[in-house]
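# Commentary on secondary and tertiary structure
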Amino acid sequence: MSDAEIRKTLSIVALALLIGHYLFNVVVLQHIALGLLILTVFPNPVAKMLARAWIKFSETIGHVNSRILLTLIYFVVLVPVALLYRVFNRKTTDYFAGRKLDSCFISSDRNFSRESFEKTW
């Protein structure tokens, strides 16, 4: 991680803390943001450690958050839509559920001419 990336990461965290201070009027957030901005002035191991910890934390939160959101979307959106489709399109779904075939292949007994291959679609 380069010094520019460390400064950028800590500056963004400090900005988020300042926004939190102005939204919730918590003075401690302002002091922590000031401390992070002071750490960005000179490259040091503490700043590097904090930036790496923040990146690792954000990756973990993103991993968990994506799983939760995908699960919620599946059960809140896709499952009800599929159930409603089955209820309102009973004829279509019964057609597929009622057939007990070994294969989905349907044999076509017809003669093909040269013209049938010219316009395939």
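Note: the structure precedes this text.
Numbers given to residues run from 1 along each chain, matching the order in which its sequence is written. Per-residue local features of the predicted model are confined to residues with pLDDT of at least 70, and side-chain atom pairs are confined, for both listing and counting, to 80 or more; whole-chain, interface and lining totals are unaffected and use all residues. Note: side-chain values were computed over all heavy atoms of the structure, leaving out hydrogens and water.

### Considerations on the overall build of the protein chain
- Runs of E in the DSSP output that reach at least two residues are strands. Runs of H or I that reach at least four are helices, and both are numbered from the N terminus. Summing up its helical and strand segments, the protein chain has five helices and zero strands in all.
- Listed by position from the N terminus, the elements making up the protein chain come as α-α-α-α-α.
- Our radius of gyration is a C-alpha quantity, and the globule rule it is checked against amounts to 2.2 Å times the number of residues to the power 0.38. What you see for the protein chain is a C-alpha radius of gyration of 30 Å, clearly larger than the 14 Å of a compact globule of 121 residues, by over 25%.
- The C-alpha extent of the protein chain, read off along each of the three principal axes, is 80 × 40 × 25 Å.
- The cut-offs for exposure are 20% and 50% of the maximum accessible area for each residue type, with area from a 1.4 Å probe on protein chains only; residues under the lower value are buried, those over the upper are exposed, and the others partly exposed. Considering the protein chain as a whole, with its 121 residues, one finds that 12% of them fall into the buried category.
- Taking the intrachain contacts of the protein chain between residues at least 6 apart in sequence as the baseline, contacts between residues at least 24 apart amount to 51%. By definition in these notes, contact holds between two residues if any of their heavy atoms fall within 4.5 Å.

### Observations concerning the nonpolar core
- Only buried residues count toward a nonpolar core, which is a set of Ala, Val, Leu, Ile, Met, Phe, Trp, Tyr and Cys residues joined through side-chain atoms within 4.5 Å. In this structure, Ile6, Leu10, Val13, Ala14, Leu17, Ala33, Leu36, Ala47 and Ala51 together form the largest nonpolar core, which totals nine residues.
- Of all the elements in the fold, those that place two or more residues in this core are helix H1 (3-24), helix H2 (27-39) and helix H3 (45-88).
- Non-local contacts of leucine 10, meaning those with residues more than four positions away in its chain, are made with Leu36, Thr40, Ala47, Leu50 and Ala51.

### Section: the packing of H1 against H2
- Two elements in contact, H1 and H2, have axes separated by 8 Å at closest approach and are oriented at 160°. By the angle between their directions, the pair H1 and H2 is classed as roughly antiparallel. Relative to H2, the crossing made by H1 is left-handed. Here Leu10, Ser11, Val13, Ala14, Leu17, Leu18, Gly20 and His21 of H1 come into contact with H2, specifically with Val27, Leu29, Gln30, Ile32, Ala33, Leu36 and Leu37.
- Grouping the constituent residues of the contact of H1 with H2 by class yields 11 nonpolar, four polar and no charged. Between N-to-C directions, angles cover 0 to 180 degrees, with each direction set by a line fitted to C-alpha atoms, over the stretch in contact for helices. Any angle that falls under 35 degrees is termed roughly parallel, while one over 145 is termed roughly antiparallel, one within 65 to 115 roughly perpendicular, and all others oblique. A crossing counts as left-handed when the near helix is turned anticlockwise from the far one by less than a right angle, and as right-handed when that turn is clockwise. Three classes are used: nonpolar for Ala, Val, Leu, Ile, Met, Phe, Trp, Tyr, Cys and Pro, charged for Asp, Glu, Lys and Arg, and polar for all others, with Gly counted as polar.

### Some points on empty space enclosed by the protein
- Buriedness of a pocket was judged along seven lines, with at least five required to meet protein on both sides within 12 Å; pockets are open sets of points on a 1 Å grid over the protein atoms alone, cavities are sets where a 1.4 Å probe fits but cannot get out, and lining residues have an atom within 4 Å of a point. Grid points are joined across faces, edges and corners, and a volume is the space filled by probe spheres set on the points. Inspection of every chain in the model, using the stated rule, returns one cavity of 30 Å³ or more.
- Volume-wise, the largest cavity comes out at about 40 Å³.
- Lining the largest cavity, in full, are Asp3, Ile6, Arg7, Leu39, Thr40, Phe42, Pro43, Asn44 and Ala47.
- In terms of residue count, the dominant contributor to the lining of the largest cavity is H1 (three residues).
- Taken together, the residues of the lining of the largest cavity break down into five nonpolar, two polar and two charged.

### Remarks on the packing of aromatic side chains
- Working definition: a ring pair exists when centres of Phe, Tyr or Trp rings (six-membered ring for Trp) sit within 6.5 Å. Plane angles under 30 degrees give stacked, over 60 give edge-to-face, the rest tilted. For the coordinates displayed, the defined rule picks out three aromatic pairs.
- Ring geometry for tyrosine 74 versus phenylalanine 75: centroids 5.0 Å apart, planes at 85°, classification edge-to-face.
- Relative accessible area serves as the criterion here: at 44%, tyrosine 74 is assigned to the partly exposed category.
- Taking the centre distance of 5.9 Å and the plane angle of 40° together, the rings of phenylalanine 112 and phenylalanine 117 count as tilted.
- On the basis of relative accessible area, phenylalanine 112 is assigned to the partly exposed category, the value being 48%.

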